[in-house]
Amino acid sequence: MPRRRKGFWYRLAAVICKPPLVVLLKRDWRGMEHIPAEGGFITVVNHNSHVDPVAYGHFQYNSGRVPRFLAKSGLFGKGFVGAAMRGTGQIPVYRESTDALSAFRAAINAVDRGECVVFYPEGTITRDPDGWPMTGKTGAARVALKTKCPVIPVAQWGANELLPPYAKKPDLLPRKTHHVLAGPPVDLSRFYGRDMSADVLKEATEVIMAAITHQLEQIRGEQAPTEPYDPRRERIEQRRRTQEETRIQEQTRIEERTRTREQSRGTQAEGQGT
């Protein structure tokens with residue numbers, strides 16, 4: 001199946017983006033041999049900076065297989081950015097909408113046409129305090145099991161040192177290195193032919209996230225936490241802590257009011273006794 005042509009908009013994006021990326025970031029790119037030369041596939045990538053989609057796009061572009069990212073629908077509006085997003089064939093994601101599933105259908109169609117689709121399974125920049133991948137969402141697994149296409153796990157590190165998560169200003173000096181390590185395809189064959197239930201998608205997603213994390217461990221030379229950071233679990237725990245703090249505060253207020261009433265009664269009794 002033929003590769004997607006780079007076309008005018010991709011070449012223009014490369015002309016605009018490559019020079020500052022080369023100036024700002026040194027490159028340590030490995031594993032490009034795992035990027036399929038032909039046919040449709042998806043890459044699953046960790047997300048730790050607002051800069052890393054552009055930095056990773058540079059790696060993917062240089063592999064010869066241009067990426068199609070799933071991106072917020074707001075980026076596809078009027079103006080140059082919207083024209084570039086449409087011209088490069090990116091896929092809009094309508095969050096919290098009945099149209100959200102259209103992104104998965106578009107991704108499936110793109111893979112079936114022999115293209116590369118990039119997934120950030122975490123869905124947002126990691127909130128893990130040490131920058132490790134969080135638990136993932138099931139979109140990548142859904143597309144992978146539907147198409148049975150190769151799933152290439154990719155870890156990156158370094159763009160987050162240039163622009164840390166949620167930072168307003170980049171840290172330009174010293175010059176940072178963008179590390180990328182692509183691994184061999186994730187083996188999801190044991191899930192083929194099974195009903196795409198929530199449990200199956202969850203388990204497949206865990207396998208995918210484990211593969212990404214393994215790649216990042218090799219880049220960082222460290223071992224990741226046994227349990228990945230789970231934003232949903234953290235929200236539940238934060239809600240529980242807030243409720244417990246509220247309960248304690250309310251109990252304290254009740255005890256203070258009780259002491260105040262008892263002190264007032266004692267004072268009145270002393271006044272009557274005199």
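Residues numbered from 1 in each chain as written. Predicted model: local features only at pLDDT ≥ 70, side-chain atom pairs only at ≥ 80, totals over all residues. Heavy atoms only, no water.

(A) Structural view of the overall build of the chain. When you go through the chain residue by residue, the secondary structure sums to eight helices and seven strands. The globule rule puts the C-alpha radius of gyration for 274 residues at 19 Å, and the 25 Å found for the chain is more than 25% above it. The principal-axis extents of the C-alpha atoms in the chain amount to approximately 100 × 50 × 45 Å. When each of the 274 residues of the chain is scored for burial, the buried share is 41%. (Helix = DSSP H or I, 4+ residues; strand = E, 2+ residues; numbered from the N terminus. Rg over C-alpha atoms; globule rule 2.2 N^0.38 Å. Buried < 20%, exposed > 50% of the residue type's maximum accessible area, 1.4 Å probe, protein only.)

(B) How the structure looks around the pattern of salt bridges. In total, this model carries eight salt bridges according to the counting rule given. Between aspartate 28 and arginine 30 there is a salt bridge whose closest N-O contact spans 3.6 Å. We classify arginine 30 as partly exposed; its relative accessible area is 36%. When the shortest N-O distance is used, the salt bridge between lysine 202 and glutamate 206 registers 2.6 Å. Taken together, the positions of lysine 202 and glutamate 206, both in helix α7 (residues 198-220) and four residues apart, correspond to about one turn of that helix. In this structure lysine 202 comes out as partly exposed when scored by relative accessible area, which is 48%. (Salt bridge = Lys/Arg side-chain N within 4 Å of Asp/Glu carboxyl O.)

(C) Examining helix α3 (residues 79-87) more closely. The set of residues buried in α3 consists of Gly82, Ala84 and Met85. Take α3 and look down its axis: the buried residues cluster within an arc of 160 degrees, on one side only. Structurally, α3 contributes buried residues whose contacts are with α1 (7-24) and β3 (67-72). Downstream of α3 by a residue or two, glycine 89 has a phi angle that is positive, lying close to 75 degrees. (Arc of directions from axis to C-beta. Contact = heavy atoms within 4.5 Å.)

(D) Structural view of the sheet that holds strand β1 (residues 25-30). If you walk across this open sheet you meet the seven strands as β1-β7-β6-β2-β5-β3-β4, and the pairing is mixed. Two strands close off the open sheet at either side, each with one partner strand: β1 and β4 (91-93). Sheet twist, expressed as the mean angle between neighbouring strand axes with direction ignored, is 25 degrees. Alignment of strand β2 (residues 41-45) against strand β5 (residues 116-119), held across four bridges, turns out to be parallel. Considered in β5, the bridge of isoleucine 42 is made with valine 117. Across the sheet, α7 touches β1, β2, β6 (151-157) and β7 (176-182), and the angle it forms with β6 is around 40 degrees. (Pairing = 2+ DSSP bridges. Axes fitted to C-alpha atoms, helices over the stretch in contact; angles between N-to-C directions.)

(E) Looking closely at the environment of glutamate 256. Here glutamate 256 shows up in helix α8 (residues 231-273). Taking the C-alpha atoms as reference points, glutamate 256 and phenylalanine 191, separated by 65 residues in sequence, lie 60 Å from one another.

(F) Spotlight on the pairing of β5. A two-sided burial pattern is seen for β5, the buried positions comprising Cys116 and Val118 on one face and Val117 and Phe119 on the other. Relative to β5, β3 is paired through three bridges, and the arrangement is parallel. Within β5, the position partnered with proline 67 by the bridge is cysteine 116.

(G) The packing of α1 against helix α2 (residues 52-62), seen in detail. As a packed pair, α1 and α2 sit with axes 10 Å apart at the nearest point and diverge in direction by 120 degrees. The interaxial crossing formed by α1 with α2 has left-handed handedness. In this structure, α1 uses Tyr10, Arg11, Ala14, Cys17, Lys18, Leu21 and Val22 to contact α2, whose residues at the interface are Val54, Ala55, His58, Tyr61 and Asn62. Looking at the contact of α1 with α2 residue by residue, the class counts come to eight nonpolar, two polar and two charged. (Left-handed = near helix turned anticlockwise from the far one by under 90°. Nonpolar A, V, L, I, M, F, W, Y, C, P; charged D, E, K, R; others polar.)

(H) Inspection of the pairing of β7 at higher detail. Burial of β7 is extensive: six of the seven residues sit out of reach of the surface. For β1 and β7, the ladder comprises six bridges, and the chain directions are parallel. Looking at β7, one finds that arginine 27 is bridged to histidine 178. Relative to β7, β6 runs antiparallel, the two sharing four bridges. Bridged to glutamine 156 within β7 is valine 180.

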